[in-house]
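# Chain and residue survey
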Amino acid sequence: MKLYYYSLLLTTLFFGCTTNQQLDPVEQKVEELLSKMTIEEKIGQTALRGTSSRVKGDLPESLKEAVRKGEIGAFLNIMNTDYVDELQRIAVEESPNKIPLIFGRDVIHGFKTMFPIPLAVAATWDPKQAEETGRVSAFEGTSSGVNWTFAPMLDIARDSRWGRIAESPGEDPLLGSLMGAAYVKGFQGDDLTSKTSMIACAKHFLGYGAAIGGRDYNTAIIHDPLLYNVYIPPFKAAIAENVQTFMSSFNELNGVPASGDKKIMMDLLRGKMDFDGFVVSDWNSVTEMIPHGYAKDEKHAAELGTNAGVDMEMTSESYEKHIKELLEEGKLSLTQLDFLVKNILRVKIRMGLFETPYRDKNHDGGLYANEHLQKAKVAAAKSIVVLKNENQVLPLTKNKKVALIGPLADAPLDQMGTWSFDGEKEHSHTPLMALKGQVIGFEKTLDFSRDKNKKSFQKAIDLAKKADVILFVGGEEAILSGEAHSRAEIDLPGVQEELILELSKLGKPIVLTIMAGRPITIGKIKDKLDGIVMAWHGGTMAGPALNEVLYAEMQPEGRLPVTWPKTSGQLPYYYNHKNTGRPAMEEKFVSMYEIPVGAWQSSLGNESHYLDAGYLPEYPFGYGLTYSTIEYSATTISSEKIKEGDELTVEVSIKNTGDYDAVETVQLYVQDVVGSITRPVRELKDYKKVEIKKGEQKKVTFKLHTDQLKFYNRDLEYVLEKGDFKVWTAPHALGGKPVAFELM
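Each value, and the rule that gives it
Residues numbered from 1 in each chain as written. Predicted model: local features only at pLDDT ≥ 70, side-chain atom pairs only at ≥ 80, totals over all residues. Heavy atoms only, no water. Helix = DSSP H or I, 4+ residues; strand = E, 2+ residues; numbered from the N terminus. Rg over C-alpha atoms; globule rule 2.2 N^0.38 Å. Contact = heavy atoms within 4.5 Å. Lys, Arg positive; Asp, Glu negative; His and termini not counted. Charge placed at Lys NZ, Arg CZ, Asp CG, Glu CD. Pairing = 2+ DSSP bridges. Expected span 1.5 Å × (residues − 1). Polar contact = N/O pair within 3.5 Å; in protein donor to acceptor, adjacent residues only side chain to side chain. Buried < 20%, exposed > 50% of the residue type's maximum accessible area, 1.4 Å probe, protein only. Salt bridge = Lys/Arg side-chain N within 4 Å of Asp/Glu carboxyl O. Patch = residues over 30% accessible without salt bridge, like charges linked within 9 Å, V, L, I, M, F, W, Y side chains within 5 Å. Areas by Shrake-Rupley, 256 points an atom, 1.4 Å probe, with all protein chains shown as cover. UniProt positions renumbered as here; feature names shortened; annotations may be inferred. Arc of directions from axis to C-beta.

### Some words on the overall build of the chain
What the chain contains, in helices and strands, is 20 helices and 27 strands. Here the chain has a C-alpha radius of gyration of 27 Å; the compact-globule value for 744 residues is 27 Å, and the two agree. Each of the three principal axes of the chain carries a C-alpha extent, and together these read 75 × 65 × 55 Å. Residue pairs at least 24 apart in sequence account for 79% of intrachain contacts in the chain once pairs closer than 6 positions are excluded. The average position of the 86 basic charges and that of the 102 acidic charges among the side chains of the chain differ by 3 Å.

Right under this line is the structure:
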């Protein structure tokens, strides 16, 4: 995989030249339309109207009249196709300038056929799976008239308490960039004018994933070098893939709510990043600047939002009510209003809406087509991460008597995960359905993940007594993750842990399969488990995917896209942290239980760690087991000294010494040892997924270009600094032995 391209983006998107749009036919069309529009019609283009779910009952006459007057630019959640057709007809036949509407919807990881949640797709480490998710989602969704999705979410997430980590590409900027670009390509396709193209929306700009304490909508405090080096790259990758829209985030960043932040919307996004699509606010985020304490009222919020460069206002109506007055008072210039409207018109023209505004009624979307279901199953299977496999309890074999127990084993709604508005549980294929012919029985025991009723424990125990292996499918319901669903403690909810502890008294092997929207802390039960499998919320085909991995019909190849904590008290936690002046190390760590009673009070000898939880995660970023064993040779490099413009060849041999064919994800990490600002302990720079048969040995080669060693310094200069570096090849972010080289 050639990732040097994404390093070049850091330069080209920040320092590239602007385009001359004077002779562009799209721009000519924009100017022609704008010259005919009244102030009221211009204001109308900035209005995104709709409801939190869908319009019910008959279309209100007032709504149709607003479209007729050109007072609405786009709709969301209009899922009745007759309404879509009628509203579009009014817009293109009866409104003053015949400007078509855009119809938006949260089509995040599927429309009817639900793919795994985005965090799970990131666990595939395979951008093709993200592209397939986007393509099938767009193909199905456009049949209902939806031509705009509020995805992908590109917020780097370092705190698993945050509910929206489920929708994130994980904690790493490189992996997030690859996944983000692939989603955009999948949603939008090769031709924006195609009837199966759904324009994408890169969200949330900016810093939403750094909400303090993992509490949704909360403050984010991120210094500029961190923003540029970690949080911005996935958005740059989306722009490089021609994403048409951005969404401003709910949060305030360094004291300013994003929807009113001219610095990030105009200077950064429009200026340095050269984005020329349109920006939509998140739900009511313009008027939410009032409770933030940044806007005194709706009129002030409209002033801030429009001048910041937020082109379209979602659901709240401050633009509609106050733009005209702001123009009259000179608090908003006509030039700025025209700028907002041009951005919206430009995207509508690129979509081909003026030529073919209506949905294709002959396009049925192929809802739940076998091809779509197969792709969803493959994505779900590739996302599954095997975390523990003692005594080779996995894969399961047909001669083993397996007892299926747990609240998520037959939860068709919950397995689809967050943001599954249009998914239908009747079409979900659950683990019970997939495993039914292979297990000796099933006891749900708990009606839902939070259930605290122990009345059925004995039934589960009685079933387990008859089995050779206990397969427990637990986790968290879909409603416990996603927007506004942050958790302070991220262990198994309800009495799932107590049930597992009771089952462990039987002395039978237990395999815990977790279906959840985030990592789940398992410290209280980990030692009682022989196998741990992270299946995430795997979508419509989660059951068959799990079945194929558990029985080795497909080999497990998922790798963690986030660090898995021992306890929520370690959060935020991420692999690419800084060293500190007293870095934690094994030889100096002393547990709180090893400190002598009455010991003399001193900090000497202790480093940057917790006395109780230590300094290591439960599982590191990039971690995941195969059913085989993969041995790594020492890493070798082509030279110990390189200069700017060179490529360093990095090689490692891997050997499959186990009994199964495998897919190994070989990861390349680098550390800049000394920098003008402190640098992370290691950063992912490349990786390769390698198919390797049992007994086979393969050499894996990386080309590390010096551009991949650049970073943004304190002055936001994109620099390559000479000095000492370390490079690793490893199976995860805590593995491998470094090799030193010098950039001269």
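### A closer look at the sheet that holds strand β27 (residues 739–743)
The strand order β19-β27-β26-β21-β22 describes an open sheet built from five strands, whose pairing is mixed. Of all the strands in the sheet, just β19 (641–642) and β22 (683–692) have a single pairing partner and so form its edges. Note that strand β21 (residues 662–672) and strand β26 (residues 723–730) share six bridges and pair antiparallel. Paired with Tyr669 across the bridge in β26 is Trp728.

### What to know about helix α2 (residues 25–36)
For α2, which comprises twelve residues, the first-to-last C-alpha distance of 17 Å matches the rise-based estimate of 16 Å (1.5 Å per residue) to within 8%. The inward-facing, buried residues of α2 contact α3 (39–45) and α15 (334–350). Near the N-terminus of α2, the side chain that reaches the backbone nitrogen of Val26, with its oxygen 2.7 Å away, is that of Asp24.

### As for the pairing of β27
Taking every second residue as pointing to the same face, the buried face of β27 carries Val739, Phe741 and Leu743, while none of Ala740 and Glu742 on the other face is buried. As paired strands, β19 and β27 are joined by two bridges and run parallel to one another. By the bridge assignment, Lys641 is partnered in β27 with Glu742. Judged from the five bridges that link them, β26 and β27 form a sheet pairing that is antiparallel. Across the sheet, the residue bridging to Phe725 is Phe741, located in β27.

### Comments concerning the environment of Gly260
Relative to the elements of secondary structure, Gly260 occurs in the loop between β8 (256–257) and α11 (262–272). With near-sequence residues (within four places) excluded, Gly260 lies in contact with Met289, Tyr294, Leu304 and Ala308.

### Describing the side chain of Asp216
Along the chain, Asp216 falls in the loop between β5 (201–205) and α9 (224–231). Within the buried core, Asp216 has no salt-bridge partner, and the shortest N-O distance to an opposite charge, that of Arg164, equals 5.0 Å. In terms of polar contacts, Asp216 uses its side chain to reach the side chain of Tyr208, at 2.5 Å. With residues up to four places along the chain from it excluded, the contact list for Asp216 reads Trp162, Arg164, Tyr208, Gly482, Glu483, Ala484 and Ser486.

### Structural notes on a nonpolar patch on the surface
Taken together, the side chains of Val590, Met592, Tyr593, Ile595 and Leu611 present a nonpolar region at the surface, about 460 Å² in accessible area. Mapped onto the secondary structure, Tyr593 falls in the loop between α20 (542–550) and β17 (630–632). The class for Tyr593 is exposed, based on a relative accessible area of 71%.

### Overview of the pattern of salt bridges
Considering all chains together, one arrives at 50 salt bridges under this definition. Measuring nitrogen to oxygen at the nearest pair gives 2.9 Å for the salt bridge that ties Lys342 to Glu31. You can see Lys342 sitting in helix α15 and its partner Glu31 sitting in helix α2, a full 311 residues away along the chain. Members of the salt-bridge network, linked through shared partners, are Glu65, Arg68, Glu86, Arg89, Glu93 and Glu94.

### Points about the UniProt feature "domain: Fibronectin type III-like" (unreviewed entry) in the chain
Taking the numbering used here, the UniProt-annotated feature "domain: Fibronectin type III-like" (unreviewed entry) corresponds to residues 664–733. Regarding residues 664–733, the helix share stands at 0% and the strand share at 57%, and the terminal C-alpha atoms are separated by 14 Å.

### Considerations on helix α4 (residues 61–68)
For the α-helix, the turn length of 3.6 residues means that residues three or four positions removed from each other point alike. The complete set of buried residues in α4 reads Leu63, Lys64, Ala66 and Val67. Looking straight down α4, one finds that the buried residues subtend no more than 155 degrees of arc, so they occupy a single side. Of the exposed residues in α4, the ones pointing more than 90 degrees away from its buried face are Glu61 and Ser62. Where the residues of α4 are buried, they touch β2 (74–76) and α5 (81–94). Just beyond α4, the residue with positive phi is Gly70, at close to 75 degrees.

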